[in-house]
Amino acid sequence: SECLVIGERVWTELIESLLQCSSFLVFVPVEQLPTITAQSPSSLIAFPFDESYPMTCECENNNTLFRWMKNGQEFDPSSDPRLMKEEDSGTFVIPNNGNLTEYQGTYLCYASNKLGTATSKEIEFIVPHVPKFPKETLDPVVVEEGQPFTLKCDPPKGIPPLQIYWMTINLQHIEQDERVSMGLNGDLYFSHAVEKDSRRDYCCFAAFPRIRTIVQKTAMSVVVKTTNAILQRRPLLMTPSGVRTVKHLVRGEDLKLECIPEGFPTPQVEWIKIGHKLPTKAKLESHGKLLIVPTIEQEDSGKYMCKAKNKLGEVIHYFTVTVEEPPEWLLEPESQLSMIGSDVLIKCSATGTPQPAITWRVNGLPLHGSSPRVFMPLVSIGNSFVSAVYQCQASNRHGTLLANANIMVMNLPPMILTKEGEDYTAVDGRGVMMHCNAFSSPPSTITWSKDESSESLVGPRFTVHGNGSLEIYRAEKEDTGQYTCYAKNTEGTSAIEASLYVKDVPDAPEHLVLSEHKTKSVKLKWTPGDDHNSSTTEFIIQYEESQWEPGNWKELLRVPGNHASSVLKLHGHVDYRFRVAGVNGVGRGPPSEPTERYKTPPTAPDKNPENIKIEGHLPHEMDINWEPLLPIEHNGPGLEYKVSYRRQDLEEDWKEHVVKRHSFVVANTPTFVPYEIKIQARNNQGWGPEPNVVTGYSGEDFPSAAPDDVAVLVMNSSVVKVSWTRVNKDKLRGHLGGYRINWWRLRSLLDLKKSHGDKHTLTLPGDRNHAIVPRLQPFSEYSLIVMTFNGRGNGPGSHPVNFKTPEGVPEKNPVFKVTETQRHTVSLAWAPPAEPNGVLTGYLLEYQLINNTEEVGQLQTIDINKPGTTKWTLRDLEPLSKYKFHLRSCTTVGCGPVISEESTTTLEASLASIHGGISNQGWFIGLLCAIALLTLIVLIACFVNRNKGGKYSVKEKEDLHPDVESQGMNDDTFCEYSDNDEKPLKGSQRSLSKEIKAGDSGDSLVDYAEEDTHFNEDGSFIGEYAGRKEKRMSSEIKATTQSLA
């Protein structure tokens, strides 16, 4: 950070309410330093469709003089009659008439009065020219087929943003794909030329939307010379050049990295962030050649890599991305008021990447010389300093910040800015803050006193803060009173007064008196307690009775806070007592002492039962239930209920029954007919008031009829629409609950035999005549019925309606597996779908190379049109490669869901797979035993031959009778053997390792044995044995391979 210090000591006063120019004007009757309040943006562009261009510079201070600098030279707007100048303002307006170019430049506004000068930020006035492509004659681009080439756009400079389009003369866009793409610079790149690239109307269009202009470059011609064959080429990058690019971006910008390769076949581009995953917000455009990371942040910096590759090779380019930031204030310099001769500290700190450089100005002029003295991290000025405007500027290559700090130096007596006579309130036991904001120079000392006392308030419950406010902790009722704030400095003293009222909940009312005793009422009077500076808003009257819930106080009544008596309505035969509590803005106060008891005489009930419910659980009964009276509502002993009822649809007398419980069952009623019911309470003192009549129905029975005209409309292979005619109301025999649809599957249309499948039900509440039935099995026959239901249950079902669903797509195959893998082949097997949902027409088999990388091979498709096929062998696959296989079953409607499997081909043909087919055969086991026995005999013969010292030397025989093929079979080679039954002899190993084909024995010992016919006795024995053994082994393996193939 940077600091500006005035004087030899570091001492600063911050007046929060006076940091803005307007605050000084309102409260302080002294001239203020100028503060610029409005200015034009840092870039002011003269768009041709605007009428004028205001160059703004405003300050709220009066008596301010404005002057302008243009490109570092004095500029007087009033001397130019074409410019419009505003009175008492630094603003002038450049009209859009005539030549604007002469006004182009960088402007700076200075606002001055006798105390100092404030400066604006630099304002650049830009007069855009109409961008144009140069008029030029372009030679045709001649390129051989298969070679790369680039069409240059070189758009003219203009006001951003710039948008580039490649089109034909007829304004048809040039098609772009993996081979053809436009770079960020606007050039059009061709990875390799093809014959169709030949044309004479390649046009580059540059659009400048901010100035509403589009310009076109001269059309370019391309001639592609055809060749007999296009030579394949490994990838190279057309752009960017070199192996590494360094990118500096500002935080919040969009990162755009491009790699446009050339080569044949067309290279594919892959993007990697080294050491990290690509940002989740990253996206690829231009067919993978352009990586965009929008709104880049610091964590997006790092090293990126693009890799372009085809089957002949790859090329790599690295990007080092650094995210930088324009300056931002960490600590912006603040305006201050200081007394004459004091020290001042002005702090200024900014962050950014690169780190911004801090420079200081005073009244618009650079700080230099011994006074002020410039050093890190402070700028120091002597104590002869007077009021001025200091500017702190923070700059790096991405921008500049400028802040003005008004430093007022004067001596003023205290002026208390807080309003006189403020009223404060506090709640007992909680804190309160009373304010006394003073403005003075030098700073004031603030003290507080209470009432008439001249003593300053001190103690652990009182704190005077730096801004002059008095804080009282845990306020007490005794803190209520008048307070005085004193602000004092060397220039004088000021004071204001304030009032504090400490509030609390009301005290308990007193002197409760009962009067006007009546049978069902009594009058209660009380004297309110102290409201503690918060008016009582209401009183709560509670009661307690001794018979039913003794000791439990319940609320009886609430009355307004300005009342001190109330008539209480009571029940009969209850022994009461009462109490009262007050409520104010703080809360509810404590209750009063209870009154003496008052017992009311018994009376007839005041009310009848409520919430009468009429239900019918059985067809010929009607259940009547009601909410009983509370015990306190009995009004006396002997409570009973008279239940009266009669049919509503007939003129008949009321039937009456008296019960003590709160329910009654009326038997032998007709099914579901309306009744009128009333219930009246009585006790030993008499009857309650005349009851209200309610209506209900007797018990329900099952509906007696089924819906008619049931119809089914098939909507697709799994959904049908069902409609019906509603059941007549008199057949419902109860309240309509709704309708139910039951259906079950009879058979698949592939089967002739019908069977009753699981029943499914769809319940539809309410009155309706249609519904949608989902989730049916395609290509099936169903049966369906519809019924209605009421509170008792379901009615009879309708006549069954049979319908058939059309074909759909099959279900997923239950089994799909790899049964065998070899160097170039993979064998697959599967089971047909359990539900084909139609007539199976075959299978769709797809596969592609995956190899555990982001590279995915082209998807290959095989249509298997024989539905009985359940296995397939894929050929001509890459060795030691991972493949993914997909299988779907199909009908005439389409193919069903996919089931997938993965497998990797082997590097060599698998002998184990060959051996696996024969190893369990008896003849093969016998053959192995014979080979083992013969091998033992051969070993013994070799051993004997060596020990005889050449008596039966094959070597000598070969020397006497030289033979080209037999010379390669020396004793050591011949005597090698396998120590594992599953390993072939060395002579046959080579042919097995290369996908054994019929008639091709490779370079085995069989060939030598068959041709070597002129050995001596010992040699013939050995040769015949070798020939017989190797020939048999080789022929067996060949035969097995042919049968497997």
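Per-chain numbering applies: the sequence of each chain, read as written, is numbered from 1 onward. In view of the model being predicted, local features appear only for residues whose pLDDT reaches at least 70, and side-chain atom pairs are presented and counted only at 80 or more, with totals across whole chains, interfaces and linings using the full set of residues. Side-chain measures were taken over the full set of non-hydrogen atoms in the model, leaving aside hydrogen atoms and water.

What follows deals with the packing of aromatic side chains. Between 30 and 60 degrees the pair is tilted, below 30 it is stacked and above 60 it is edge-to-face, where a pair is any two Phe, Tyr or Trp rings, Trp via its six-membered ring, whose centres lie within 6.5 Å. All told, the structure shown has 23 aromatic pairs when counted by the stated rule. Pairing W626 with Y641 gives two aromatic rings, centres 5.6 Å apart and planes at 65 degrees, and the pair type is edge-to-face. With W626 in strand β55 (residues 621-627) and Y641 in strand β56 (residues 640-647), the pair connects residues that are 15 residues apart, well separated along the chain. Relative accessible area serves as the criterion here: at 3%, Y641 is assigned to the buried category. Between Y847 and Y883, the aromatic rings sit 6.4 Å apart at their centres with planes inclined by 55 degrees, giving tilted as the arrangement. In this pair, Y847 is assigned in strand β71 (residues 842-849) and Y883 in strand β74 (residues 882-890), connecting sequence segments 36 residues apart. As far as burial versus exposure is concerned, Y847 and Y883 are alike and both buried. Grouping aromatic residues by their ring pairs yields a cluster made of W68, F75, F92 and Y107. Think of it as a cone above the ring: NZ of Lys or CZ of Arg counts as a charge over the ring if it is within 6 Å of the ring centre and within 35 degrees of the ring normal. It is R212 that lies over the ring of F49; its NZ or CZ is 3.8 Å from the centre. In this structure, K678 packs its charged tip against the face of W654, placed 4.5 Å from the ring centre. Secondary structure is summarised from DSSP: a helix means a run of H or I of at least four residues, a strand means a run of E of at least two, and numbering begins at the N terminus for each. Think of it in three bands: with a 1.4 Å probe and only protein chains considered, a residue is buried below 20% of the maximum accessible area for its type, exposed above 50%, and partly exposed in between.

Once that is clear, we can look at the sheet that holds strand β53 (residues 598-599). Sheet strands pair by backbone hydrogen bonding; their relative direction is either parallel or antiparallel. When DSSP finds two or more bridges between a pair of strands, those strands are recorded as paired. Pairing is antiparallel across the open sheet formed by 4 strands, whose spatial order is β50-β49-β52-β53. Here the strands that pair on one side only, and so sit at the sheet edges, are β50 (554-560) and β53. For strand β49 (residues 536-545) and strand β52 (residues 575-584), the ladder comprises 9 bridges, and the chain directions are antiparallel. Along β52, the bridge assignment pairs I540 with A581.

Here the focus is the confidence of the model for the chain. Summary of the metric used: pLDDT quantifies the predictor's per-residue confidence within the range 0 to 100. Summarising the model, the chain shows a mean pLDDT of 83, and 84% of its residues fall at 70 or more. The element-level mean pLDDT for the chain is lowest in helix α9 (residues 1005-1011), coming to 34, with strand β63 (residues 720-725) highest at 97. Should any heavy atoms of two residues lie within 4.5 Å, those residues are counted as being in contact. Confidence over residues 910-920 falls short of pLDDT 50; this stretch has 16 contacts with residues more than four positions distant or in other chains. Note that residues 949-1045 has pLDDT below 50 and, in this model, 102 contacts with residues that lie over four places away or in other chains.

Attention shifts here to unusual backbone geometry. In this structure, the amide linkage connecting T353 to the following residue, P354, adopts the cis form with an omega of 0 degrees. With respect to the secondary-structure elements, P354 resides in the loop between β31 (344-353) and β32 (357-362). The omega torsion of the bond from S441 to P442 falls at 0 degrees, within 30 degrees of zero and hence cis. Considering the arrangement of structural elements, one finds P442 in the loop between β41 (438-441) and β42 (445-450). Phi is positive for L171, close to 60 degrees, though the residue is something other than glycine. Positionally, L171 belongs in the loop between β15 (163-167) and β16 (180-182).

Turning our attention to the pattern of salt bridges. The term salt bridge refers to a side-chain nitrogen of Lys or Arg lying within 4 Å of a carboxyl oxygen of Asp or Glu. By the definition in use, this model includes 40 salt bridges. Between R199 and D201 there is a salt bridge; the shortest N-O distance is 2.7 Å. A relative accessible area of 15% places D201 in the buried class. Across the pair R577 and E544 runs a salt bridge whose closest N-O atoms are separated by 2.9 Å. Of this pair, R577 sits in strand β52 while E544 sits in strand β49, placing them 33 residues apart in sequence. Since its relative accessible area comes to 25%, R577 is described here as partly exposed. Here the residues in one salt-bridge network are D80, R82 and E102, joined through shared partners.

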